[in-house]
Amino acid sequence: REAQRILGVPEEAVGRLGMQDDRIEGLENLTWKMFYPDRTPCSEDRLPMQTAMLSGERIDNLEYIIRRHDGVEFEILFHASPVLDDQGLMVAGVGIFTDITERKQAEQQIQTQLQRLHTLHEIDRIISASLDLRFTLSAFLEQVIQQLQMDAVDVLLYDPYIQTLTFGAGRG
């Protein structure tokens, strides 16, 4: 069922997969593409199953991205192995993949949180190290631009006596 979900195989075609009839309804538009984690396309001759079959060796724990025909992407961990008969001749191949999309998203969220915590720590250190408001604001702006990937940032200071905002510092 996982392969069906990831590859987008229609429910009505599931029971007929592997049969000799190549006219299974619902499969004519079933295509997917594989990419390396850096999003470089994986050519057909470098797909993990083909690589395992050509080399005669097991392939374990390789990460890929599968893009279904409808544009939905999944990150997968792939294992492929040739199947040998009693004489050591290759007679088939087995490919197993695991959907690791949620795990990769969780890893990315953790990295983003760690970066934010690091930035907050840097801002706290800067504020604690100097009483010079202009220096503090300048360093703060540098961290905001890096963390939020902004092109320009301004800080306006509120003056409660005249109830106005005045320019404090800016970048970009």
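Provided above is the structure to which this section pertains.
Every value quoted in this text rests on a predicted model; they were computed, and no experiment measured them.

**Q** Summarise the side chain of Thr136; cite the residues concerned and give the values.
**A** Assignment of secondary structure puts Thr136 in helix α5 (residues 133-148). Here Thr136 falls in the buried class, since its relative accessible area comes to 12%. Setting aside residues up to four positions removed in sequence, Thr136 forms contacts with Ile126, Ile127 and Ser130.

**Q** So what about the layout of surface pockets? Which residues, and what values?
**A** When its volume is computed, the largest pocket comes out at roughly 330 Å³. As for the largest pocket, its lining consists of 17 residues, and the residues nearest its centre are Trp32, Met34, Leu47, Gln50 and Phe78. Counting only elements with at least two residues in the lining of the largest pocket, the list comes to β1 (32-35), α3 (48-55) and β4 (90-99). When residues of the lining of the largest pocket are assigned to their parent elements, the largest contribution, 4 residues, is made by β1.

**Q** I'd like a rundown of a nonpolar patch on the surface, residues and numbers included.
**A** Taken together, the side chains of Val83, Val91, Val94 and Ile96 define a hydrophobic patch exposed on the protein surface, amounting to about 310 Å² of accessible area. It is β4 that contributes the most residues to the nonpolar patch, 3 residues altogether. Locating Val91 in the fold gives a position in strand β4. Accessibility expressed as a relative area gives 53% for Val91, which makes it exposed.

**Q** I'd like a description of the sheet that holds strand β3 (residues 73-84), backed by residues and values.
**A** The strand order across the open sheet built from 4 strands is β1-β2-β3-β4, with neighbouring strands paired in antiparallel fashion. Unpaired on one side and paired on the other, β1 and β4 mark the two borders of the sheet. Direction aside, neighbouring strands of the sheet carry axes that sit 40 degrees apart on average. Along the sheet, α3 makes contact with β1, β2 (59-68), β3 and β4, crossing β3 at roughly 20 degrees. Each of β2, β3 and β4 touches helix α4 (residues 101-129); the most contacted strand, β3, lies at about 130 degrees to it.

The rules behind these values
Along each chain, residue indices are assigned from 1 in the same order as the chain's sequence is written. Reporting in this predicted model follows two pLDDT cut-offs: at least 70 for local features of residues, and 80 or more for side-chain atom pairs to be given and counted; totals over whole chains, interfaces and linings ignore these cut-offs and use all residues. Hydrogens are left out, water is left out, and the side-chain values use all remaining heavy atoms of the structure. Where helices and strands are cited, they refer to DSSP runs of H or I of at least four residues and of E of at least two residues respectively, numbered from the N terminus. The classification of residues rests on relative accessible area computed with a 1.4 Å probe and restricted to protein chains. Under 20% of the type maximum is buried, over 50% is exposed, and intermediate values are partly exposed. Throughout, a contact is declared for two residues whenever any of their heavy atoms are within 4.5 Å. Both cavities and pockets are sets of points on a 1 Å grid over the protein atoms alone; in a cavity a 1.4 Å probe fits but cannot get out, in a pocket the set is open with protein on both sides within 12 Å along at least five of seven lines, and lining residues sit with an atom within 4 Å of a point. Grid points are joined across faces, edges and corners, and a volume is the space filled by probe spheres set on the points. Like-charged residues within 9 Å of one another, or nonpolar side chains (Val, Leu, Ile, Met, Phe, Trp, Tyr) within 5 Å, are grouped into patches, provided each residue has over 30% relative accessible area and no salt bridge. Under the convention used here, a 1.4 Å probe and the Shrake-Rupley method define accessible areas, while residue burial counts only the protein chains that appear. Each salt bridge in this description consists of a side-chain nitrogen of Lys or Arg and a carboxyl oxygen of Asp or Glu lying within 4 Å of one another. Here, strands pair whenever DSSP counts at least two bridges between them. Angles here are taken between N-to-C directions and fall from 0 to 180 degrees, while the axes themselves are lines fitted to C-alpha atoms, restricted in helices to the stretch in contact.

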